[in-house]
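An overview of the molecular structure
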Amino acid sequence: MHEERDVDKEYNMIQINRTTKKKIQRIRVFIVFVLVFLFIMAFYHGLVVRNYYIATNKILPNQSVRIVLIADLHGHLYGGKQEKISTLISKQNPDIILLAGDMVDDEVPMKGTELFLEAIQGMAPIYYVTGNHEIWSHKVDEIKNVFRQYGVHVLEHTYEKTTVRGIPLIIGGVDDPDIVSYQKLHFHWSDHLLRVFEELKDESAYQILLSHRPEFIDVYKKTSFDLVVSGHSHGGQVRIPFLLNGLYAPNQGWFPPYAGGHYQHETIDHVVSRGVSFNPRLPRIFNPPEIVVIEVTGEKQL
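Now for a quick tour of the structure.

About the criteria used
- Residues numbered from 1 in each chain as written.
- Predicted model: local features only at pLDDT ≥ 70, side-chain atom pairs only at ≥ 80, totals over all residues.
- Heavy atoms only, no water.
- Pairing = 2+ DSSP bridges.
- Helix = DSSP H or I, 4+ residues; strand = E, 2+ residues; numbered from the N terminus.
- Contact = heavy atoms within 4.5 Å.
- Axes fitted to C-alpha atoms, helices over the stretch in contact; angles between N-to-C directions.
- Salt bridge = Lys/Arg side-chain N within 4 Å of Asp/Glu carboxyl O.
- Buried < 20%, exposed > 50% of the residue type's maximum accessible area, 1.4 Å probe, protein only.
- Polar contact = N/O pair within 3.5 Å; in protein donor to acceptor, adjacent residues only side chain to side chain.
- Arc of directions from axis to C-beta.

1. Let's talk about the sheet that holds strand β14 (residues 290-298)
- If you trace the six strands from one edge of the open sheet to the other, you get β1-β14-β2-β3-β4-β5, paired in mixed fashion. Bordering the open sheet on either side are β1 (48-56) and β5 (153-154), each of which pairs with just one other strand.
- Here strand β2 (residues 64-70) runs beside β14; their pairing, made up of six bridges, is antiparallel. Across the sheet, the residue bridging to Leu69 is Val292, located in β14.
- Across the sheet, helix α2 (residues 83-91) is in contact with β1, β2, β3 (96-100) and β14; its angle to β14 comes to roughly 15°.

So this is what it looks like as structure tokens:
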């Protein structure tokens, strides 16, 4: 009788050990699966679409403007004729396309940028400002002329009044601050910005400013612009979802406050693109290249 009990006990222990081993194996497989998934997600560098929604009482409740924002292309190619990025932009049905600088790189041939401009030509009105890399190329005037050849509105501390779907808009833009030293200009960049756009303070139209550098937000807040769009930060290069929006960005340093996203201030909305470039020598982590879509809609007026 005792022997039978011992055998049963031994059998039960074997079964328990087998069950425990299976559970451990399942846990290991699950952990490996999670790690592989996180690795793929971390280094994924395909284009994504990021949507932001902004309400304003400067537009009627039944009206809206859809903006596609592209920044920091750096001449990167998405397909032989830029068909991957241009097709994705076209699918967003933009009313206007804003190019917020560094579309050209000072160390990369301009061919990729020209193919991009050719691919998006005619989709919607296009507005462009320079970034620091266009200035560093020492060919900024040639670059601007190429953009103009594709029908792009080049903004140089200037603005244009336009109407989109019956909605009056003012679209302004500024050259990158490095233009001052490059062209040996005799004015302070931010002071000149404020002086040029001072006359817009009494305008009732919705106002959009293109400026490559997000770190000058304190200057932009002194203007009458309702929306500012920027790039330059490349999303802080490394992100950790829900914990870290960006590790390092040019001119902002470590843990940049404006790495990418929609920032709301008292009088202004600020949208910072994480850019569309990809450099395998400096991989983006949890930070895929993005096409930004901004939907500006009217809200009920008080």
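2. Concerning the sheet that holds strand β13 (residues 269-272)
- Read across the sheet, six strands follow the order β6-β7-β8-β9-β13-β12 without closing on themselves; strand pairing throughout is mixed. The outermost strands of the open sheet, each flanked by one partner alone, are β6 (158-164) and β12 (261-264). When the angles between neighbouring strand axes are averaged without regard to direction, this sheet yields 20°.
- Two strands pair when backbone bridges link them, and strand β7 (residues 167-173) and strand β8 (residues 206-210) are joined in this way by five bridges, in the parallel orientation.

3. Details of the pattern of salt bridges
- Inspection of every chain in the model, using the stated rule, returns 14 salt bridges.
- Between Lys58 and Asp226 there is a salt bridge; the shortest N-O distance is 3.1 Å. Remark: Asp226 occurs in the loop between α8 (217-220) and β9 (227-230) and Lys58 occurs in the loop between β1 and β2; sequence separation between them is 168 residues.
- Residue classification places Asp226 among the buried residues on the basis of a relative accessible area of 14%.
- The residue Lys201 makes a salt bridge to Glu198 at a minimum N-O spacing of 3.7 Å.
- A relative accessible area of 43% means that Lys201 is categorised as partly exposed.
- Taking relative accessible area as the criterion, Glu198 reaches 46% and is therefore assigned partly exposed.
- Overlapping salt bridges, with partners in common, bring together Lys144, Arg148, Glu156 and Asp175 in one network.

4. With respect to the side chain of Asn132
- With respect to the element layout, Asn132 can be found in helix α4 (residues 132-136).
- In terms of polar contacts, Asn132 uses its side chain to reach the side chain of His232, at 3.2 Å.
- Those residues in contact with Asn132 that sit more than four places away from it in its chain are Asp102, Asp176, Asp178, His212, Arg213 and His232.

5. Quick look at α2
- Those residues of α2 that fall on the buried side of the exposure criterion are Ile85, Ser86 and Ile89. Projection of α2 onto a plane perpendicular to its axis shows the buried side chains occupying an angular sector of 95°, all on one side. Facing away from the buried surface of α2 by more than 90 degrees, the exposed residues are Lys84 and Lys91.
- Considering only its buried residues, α2 is in contact with β2, β3, α3 (111-120) and β14.
- Looking one or two residues past α2, Asn93 carries a phi angle of roughly 50°, positive in sign.

Purely geometric numbers; function is a separate question.
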